[in-house]
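What the coordinates show
Each chain, letter by letter, is given below.
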Amino acid sequence: MVQNFVVVTKAKKLNYMNDYVALPKNYGSKKYFAREDVGAIDEAVFNNLNALNSRCGFANTIRGRKVLIKPNFVAIYHKCGYRDDDYPQSTDPRVLDAVVRYIKQFTGNITVIEGSGAPVTRLMAKMNGTDRLVKFHNIKFEAVEELPVDRYILPRAQVMKDVYIPRTFSEVVRGEAFYVSLPKMKTNLYTGVTLGFKNAMGCLSTHMRYRNHNYNIDKKLVDLLYLFKPDLTIIDGIIGAEGDVPAPVDPVEAGLIISGTNSVETDRVAARMMSHDPSQIRLMQEADKLGFNDPEVEVIGESDPIKWRPADKSLVTGRVPHNFPDTRFLVGASKHDAPVLTSPEEITLDKIVAMEQTCPGGCLPTIIMSFENFRYMKNFDPRKYRFTVLLGEGAKIGDTIYYFDKDCNAYSRDDILKLNEDIVAAGSCNKWMADETEYFADGCTAHIIKLNGHIARAAKSPNPFLKVMVKRPSYLWCLLKTMLVRIKMAKAGNLMDVDLCLEDQIFVARPLAKDEMNLDYISVEIPPLTKEQIKKQIYYITHPIPS
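Residues numbered from 1 in each chain as written. Predicted model: local features only at pLDDT ≥ 70, side-chain atom pairs only at ≥ 80, totals over all residues. Heavy atoms only, no water.

Things to note about the environment of Glu 346
Looking at the secondary structure, you find Glu 346 in the loop between strand 16 (328-331) and helix 13 (349-356). For Glu 346, a relative accessible area of 30% gives the class partly exposed. Distance in space between the C-alpha atoms of Glu 346 and Cys 408 is 9.4 Å, their sequence separation being 62 residues. The residues touching Glu 346, leaving out its near neighbours within four places in the chain, are Val 340, Leu 341 and Lys 351. (Helix = DSSP H or I, 4+ residues; strand = E, 2+ residues; numbered from the N terminus. Buried < 20%, exposed > 50% of the residue type's maximum accessible area, 1.4 Å probe, protein only. Contact = heavy atoms within 4.5 Å.)

Structure (structure tokens):
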């Protein structure tokens with residue numbers, strides 16, 4: 001068995017709070033590279049990777065080979081109309097630059113590849129300066145949504161049995177390309193932490209991301225390790241992020257670079273240093289259960305944990321009801337081991353929280369993320385958010401369905417319909433509200449862009465990011481160019497994405513033969529698209545938000 005290593009490096013004590021989200025205009029100049037913080041980050045990255053390389057010799061495996069560097073650009077919060085100019089949601093471009101320069105010692109065949117949460121990756125790369133970075137280094141950039149997909153069956157997977165990935169990542173599957181995962185060190189509403197192997201979410205096309213993005217999210221992410229896994233994980237902890245990721249979050253001046261050859265163990269070390277107990281993180285539990293861990297890993301340089309505020313995953317306790325006191329959050333659940341009640345009087349706050357947590361990777365974090373986006377706005381006024389939000393299908397007691405608020409008051413469906421205020425209903429569980437409110441967001445999980453729009457309209461509070469987009473024609477042009485590239489690829493007969501399915505469904509490609517059952521993956525040829533399929537692809541490209 002190959003010996004795995006994790007190396008932790010502490011950067012020189014400095015102020016790293018300048019340009020940690022987006023590169024400045026003078027990037028690439030002598031003045032930029034003469035900056036003390038830039039030099040210190042380079043030093044930390046080079047020292048870290050040299051220490052790792054001295055133990056495992058990864059540099060020999062990338063010499064002259066194609067290397068894919070996958071940062072995390074799920075959202076670039078830089079001068080987007082929020083309270084502060086910057087929020088540490090994405091990989092620090094200074095760290096990305098240092099990693100590129102390190103790898104260029106061994107190969108010039110480097111591609112930075114990423115997929116944001118929507119078909120906006122090139123825009124994200126423009127906003128944080130990655131477009132200028134790849135040009136400066138004469139390397140390539142690829143946006144996941146602009147690539148055709150390849151199809152695979154994962155016989156051993158728990159939920160992701162039928163997977164489509166961008167064609168470039170098939171080079172990793174075949175062992176042709178070396179894959180570097182370069183995430184931000186941060187907490188996460190959906191999975192507790194988001195680090196090296198969760199970064200694979202950005203390797204999926206937009207519609208594939210929605211599949212099993214619910215109570216099965218941890219299984220989904222671990223399943224992808226059967227298909228491909230990082231050859232090298234480098235975690236950017238220079239400025240970490242705490243709070244309710246993927247919403248705007250607060251910086252943690254950790255000053256860390258963590259790298260490793262096993263992504264699960266690298267993530268485990270990072271989680272410990274974030275003051276999180278890895279044994280309590282479902283994502284880590286699933287990875288351990290399926291054997292993707294390595295108990296024999298050697299860790300070099302791990303130091304004391306840093307105080308790191310976790311994501312607050314509740315609508316009835318903690319920060320959310322405090323920050324939105326006029327919003328009535330109603331929770332009820334009967335599925336997925338929800339508490340069983342024989343009377344509404346049996347409800348307690350702990351039981352309501354347990355109901356929330358029956359779907360930790362679905363509508364609960366999606367609702368919180370949406371509200372946090374508005375809380376970080378300039379001129380935020382909580383009084384605007386005077387409406388009701390429904391989470392879950394309700395708790396069935398006898399013949400009546402109930403929801404509960406933070407004070408343990410019970411509301412039947414009839415009671416809810418009599419409320420004299422707008423109602424935002426999230427997720428397929430609340431289909432019964434589809435004809436009762438104009439603010440229903442379908443899906444398991446609810447479509448985030450649609451839900452965000454409903455909350456904005458109910459509060460009469462436009463999303464600040466959209467206002468910035470309208471004011472910057474170059475951003476709109478960037479989005480249009482992406483759309484045109486995707487349409488051109490689809491017209492050429494390339495499958496760019498799977499059909500959008502927001503329901504709770506596990507897709508199975510075909511029955512498996514006995515000798516296929518224990519394979520990690522099976523490549524499946526995608527037949528040429530028919531005219532009707534091409535037409536549907538173009539519809540999805542031009543209509544990114546479901547009606």
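From this point, things continue past the structure.
A word on helix 13
All buried positions along helix 13 are accounted for by Ile 352, Met 355 and Glu 356. Projected down its long axis, helix 13 carries its buried residues within an arc of 105 degrees, all on one side. (Arc of directions from axis to C-beta.)

Overview of empty space enclosed by the protein
Counted under the stated rule, the structure contains 2 cavities of 30 Å³ or more. Of the volumes computed, that of the largest cavity is approximately 160 Å³. Lining the largest cavity are 16 residues, with Pro 119, Thr 206, His 207, Tyr 540 and Pro 544 sitting closest to its centre. Residue assignment for the lining of the largest cavity shows that the elements contributing at least two residues are helix 8 (206-210) and helix 19 (531-542). The class makeup of the residues in the lining of the largest cavity is 9 nonpolar, 5 polar and 2 charged. Within this model, the second largest cavity holds a volume of roughly 30 Å³. Taken together, Tyr 179, Phe 197, Ala 200, Leu 221, Leu 224, Leu 225, Phe 228, Lys 229 and Pro 230 make up the full set of residues lining the second largest cavity. When its residues are assigned to classes, the lining of the second largest cavity shows 8 nonpolar, no polar and 1 charged. (1 Å grid on protein atoms, 1.4 Å probe; cavity = no way out; pocket = protein on both sides within 12 Å on 5 of 7 lines; lining within 4 Å. Points joined across faces, edges and corners; volume = space filled by probe spheres on them. Nonpolar A, V, L, I, M, F, W, Y, C, P; charged D, E, K, R; others polar.)

Let's talk about the layout of surface pockets
What the second largest pocket holds in volume is close to 580 Å³. Around the second largest pocket, the lining is made up of 26 residues, and of these Asn 4, Lys 229, Pro 230, Asp 231 and Thr 261 lie nearest the centre. Those elements that place two or more of their residues in the lining of the second largest pocket are helix 3 (58-62), helix 7 (167-173), strand 9 (177-182) and helix 10 (263-273). Considered class by class, the residues forming the lining of the second largest pocket number 14 nonpolar, 9 polar and 3 charged.

A closer look at the pattern of salt bridges
In this structure the tally under the stated criterion is 33 salt bridges. Taking the shortest distance from any N to any O, the salt bridge between Glu 146 and Arg 122 comes out at 2.9 Å. Placement of the pair is Glu 146 in the loop between strand 6 (140-143) and strand 7 (149-153) and Arg 122 in helix 5 (residues 121-128), with a sequence separation of 24 residues. On the accessibility criterion, Glu 146 (9% relative accessible area) is buried. Between Asp 244 and Arg 319 there is a salt bridge, with its nearest N and O atoms 3.2 Å apart. (Salt bridge = Lys/Arg side-chain N within 4 Å of Asp/Glu carboxyl O.)

Considerations on the packing of aromatic side chains
This model, assessed by the stated rule, comprises 29 aromatic pairs. Centre to centre, the rings of Tyr 77 and Tyr 82 are 5.5 Å apart; their planes meet at 75 degrees, and the pair counts as edge-to-face. Pairing Phe 169 with Tyr 179 gives two aromatic rings, centres 5.6 Å apart and planes at 85 degrees, and the pair type is edge-to-face. Of this pair, Phe 169 sits in helix 7 while Tyr 179 sits in strand 9, and the two are 10 residues apart along the sequence. In this pair, the class of Phe 169 matches that of Tyr 179, namely buried. Taken together, the aromatic side chains of Phe 324, Phe 329, Phe 371, Phe 374, Phe 380, Tyr 385 and Phe 387 make up a single cluster linked through ring pairs. The ring of Phe 507 has Arg 211 sitting right over it, with the charged end atom 3.7 Å from the ring centre. (Phe/Tyr/Trp six-rings, centres within 6.5 Å; stacked < 30°, edge-to-face > 60°. Lys NZ or Arg CZ within 6 Å of the ring centre and 35° of its normal.)

Describing a nonpolar patch on the surface
On the surface, a cluster of nonpolar side chains totalling about 300 Å² of accessible area is made up of Trp 477, Leu 480 and Leu 484. Mapped onto the elements, Leu 484 comes out in helix 18 (residues 473-491). (Patch = residues over 30% accessible without salt bridge, like charges linked within 9 Å, V, L, I, M, F, W, Y side chains within 5 Å. Areas by Shrake-Rupley, 256 points an atom, 1.4 Å probe, with all protein chains shown as cover.)

Brief notes about the environment of Met 483
Within the secondary structure layout, Met 483 lies in helix 18. Ignoring anything within four residues of it in the chain, the contact list for Met 483 reads Ile 541 and Thr 542.

Remarks on the nonpolar core
Most often, soluble globular proteins keep nonpolar side chains buried together rather than apart. Among the nonpolar cores identified, the biggest contains 160 residues, and Ile 69, Phe 169 and Met 185 are the most heavily contacted of them. Not counting chain neighbours up to four residues away, the residues in contact with Ile 69 comprise Leu 96, Val 99, Val 100, Ile 103, Ile 110, Thr 111, Val 112, Ile 113, Val 180 and Leu 182. Among the nonpolar cores identified, the runner-up in size contains 12 residues, and Leu 390, Ile 416, Trp 432 and Met 433 belong to it. (Core = buried A, V, L, I, M, F, W, Y, C linked by side-chain atoms within 4.5 Å.)

As for the sheet that holds strand 8 (residues 162-166)
Ordered in space as 8-7-23, the 3 strands form an open sheet in which the pairing is antiparallel. Because the sheet does not close on itself, it has two edges, and the strands there are strand 8 and strand 23 (522-524). Looking at each pair of strands side by side, their axes are set apart by 35 degrees on average, direction ignored. Judged from the 5 bridges that link them, strand 7 and strand 8 form a sheet pairing that is antiparallel. In the sheet register, Ile 153 faces strand 8, and the bridge partner there is Asp 162. (Pairing = 2+ DSSP bridges. Axes fitted to C-alpha atoms, helices over the stretch in contact; angles between N-to-C directions.)

Here we look at unusual backbone geometry
Glycine aside, the phi torsion of most residues is negative, and most peptide linkages are trans. Residue Pro 246 is bonded to the preceding Val 245 through a cis peptide linkage, with omega at 15 degrees. Tracing the sequence through the fold places Pro 246 in the loop between strand 12 (232-242) and strand 13 (250-252). Despite not being glycine, Lys 79 has its phi angle at roughly 50 degrees, a positive value. Following the sequence through the fold, Lys 79 ends up in the loop between strand 3 (77-78) and strand 4 (86-87).

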